[in-house]
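So the chains spell out like this:
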Amino acid sequence: MTDTWLNETLYPDWGQRFRFVRQLARVKSAFQDIAVFETDSHGRVLTLDGVIQITERDEFVYQEMLTHVPLLAHGNAKHVLIIGAGDGGVLKHVLMHKGVERAVMAEIDGEVIRLSKEFLPGIGGDAWNDPRAEVIVGDGIDYVKRAPDASFDVIIVDSTDPIGVGEVLFTDEFYQNAARILTASGLIVNQCGVPFMQADELRETSARRAQFFPHVTAYVAAVPTYVGGYMTLGWAGKDASLTQLAPEVIAQRAEAAGIAGKSEYWTPHVHVAAFWLPPYIARHLPA
């Protein structure tokens, strides 16, 4: 039997490939090419336009760091806005926090939600039916434009890289509106790529955010299928002290939030250490 391989298309001259058992779904939506594959090594794999978005085997790393870090750093996040994240993983992890009263998720491509519910049900779990969740199939940019001032404590952006459908999530206008709709201690996080290969993404996005937020930095997570070393998660906030908390404070907040002992990658010490960046990453942030 001939092996069948999925070859990622993110970089023209370097990449990764997965041997897959079968292709479970392939849909050309109004926005992108979506596919789900079954693999022996990583479980089910979701791709958008040929680029790996998530695998069942290592999705916990990205989801935990994208949600637990901002929510626990804030310490009292009741209203959370999620943009993108159509697989439901961010929504599930946000709703693990007992203090969250409302989680609005705006995903522009309803096909991502549909296929994730059907073929990756464990990633979103029961979050889709949580009464605190408001799932909108629509433009997150437009939602942010129309949202009232100071209406959210935390914004989490789980998007593709700044190409195609994800490009508008990296603009000056978006970050200006994000700052407006965040509360006094509010913050926004978003993936900023793998800086070993995508340093421009981190540098340019950080410079844009710095026009509208007094504190801009990044933290890291080691996601195996995001090849090239550390993935950076960009941070822009109104209170610099939120990234300087002791592990003991984060641990107390995790206990109160009901997530202590429920993670596979995130811990209070990993949380704190993630903000200590190696020089090859830190040099791309605003001075």
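Since we're looking at a predicted model, the values are computed, not measured.

Our focus in this paragraph is the overall build of the chain. Assigned secondary structure in the chain consists of 10 helices and 12 strands. For the chain, whose C-alpha radius of gyration is 18 Å, the value lies close to the compact-globule estimate of 19 Å for 287 residues. A principal-axis box enclosing the C-alpha atoms of the chain has dimensions of 60 × 45 × 35 Å. Residues counted as buried form 57% of the 287 residues belonging to the chain.

Moving on to helix H8 (residues 247-257). Because an α-helix completes one turn every 3.6 residues, residues spaced three or four positions apart along the sequence face the same direction. By the burial criterion, the buried members of H8 are Pro247, Ile250, Ala254 and Ala257. For H8, the angular spread of buried residues about the axis comes to 85°, placing them on one side. Summarising the geometry of H8, the exposed residues directed more than 90 degrees from the buried face are Glu248, Gln252, Glu255 and Ala256. Looking at the buried residues of H8, the elements they touch are helix H1 (59-74) and helix H9 (268-273). The first or second residue beyond H8 is Gly258, which carries a positive phi of 85°.

The next thing to look at is a nonpolar patch on the surface. A contiguous nonpolar surface patch, about 320 Å² in accessible area, is contributed by Trp14, Phe196 and Met197. Examined against the element boundaries, Phe196 turns out to sit in helix H7 (residues 195-210). Judged by its relative accessible area of 57%, Phe196 falls in the exposed class.

Time to look at the sheet that holds strand S1 (residues 5-7). Strand pairing within a sheet occurs via backbone hydrogen bonds; the two strands may be parallel or antiparallel. Spatial ordering of the open sheet is given by S1-S2-S3-S4-S5, a layout of 5 strands whose pairing is antiparallel. A strand with exactly one partner marks an edge of an open sheet, and here the two such strands are S1 and strand S5 (51-55). In this sheet, neighbouring strand axes are inclined to one another by 40° on average, regardless of whether the strands run parallel or antiparallel. Sheet topology note: the strand S2 (residues 17-28)/strand S3 (residues 33-39) ladder contains 7 bridges and is antiparallel. Counted as the bridge partner of Gln23 is Phe37 from S3.

So, how was this worked out
Residues numbered from 1 in each chain as written. Predicted model: local features only at pLDDT ≥ 70, side-chain atom pairs only at ≥ 80, totals over all residues. Heavy atoms only, no water. Helix = DSSP H or I, 4+ residues; strand = E, 2+ residues; numbered from the N terminus. Rg over C-alpha atoms; globule rule 2.2 N^0.38 Å. Buried < 20%, exposed > 50% of the residue type's maximum accessible area, 1.4 Å probe, protein only. Arc of directions from axis to C-beta. Contact = heavy atoms within 4.5 Å. Patch = residues over 30% accessible without salt bridge, like charges linked within 9 Å, V, L, I, M, F, W, Y side chains within 5 Å. Areas by Shrake-Rupley, 256 points an atom, 1.4 Å probe, with all protein chains shown as cover. Salt bridge = Lys/Arg side-chain N within 4 Å of Asp/Glu carboxyl O. Pairing = 2+ DSSP bridges. Axes fitted to C-alpha atoms, helices over the stretch in contact; angles between N-to-C directions.

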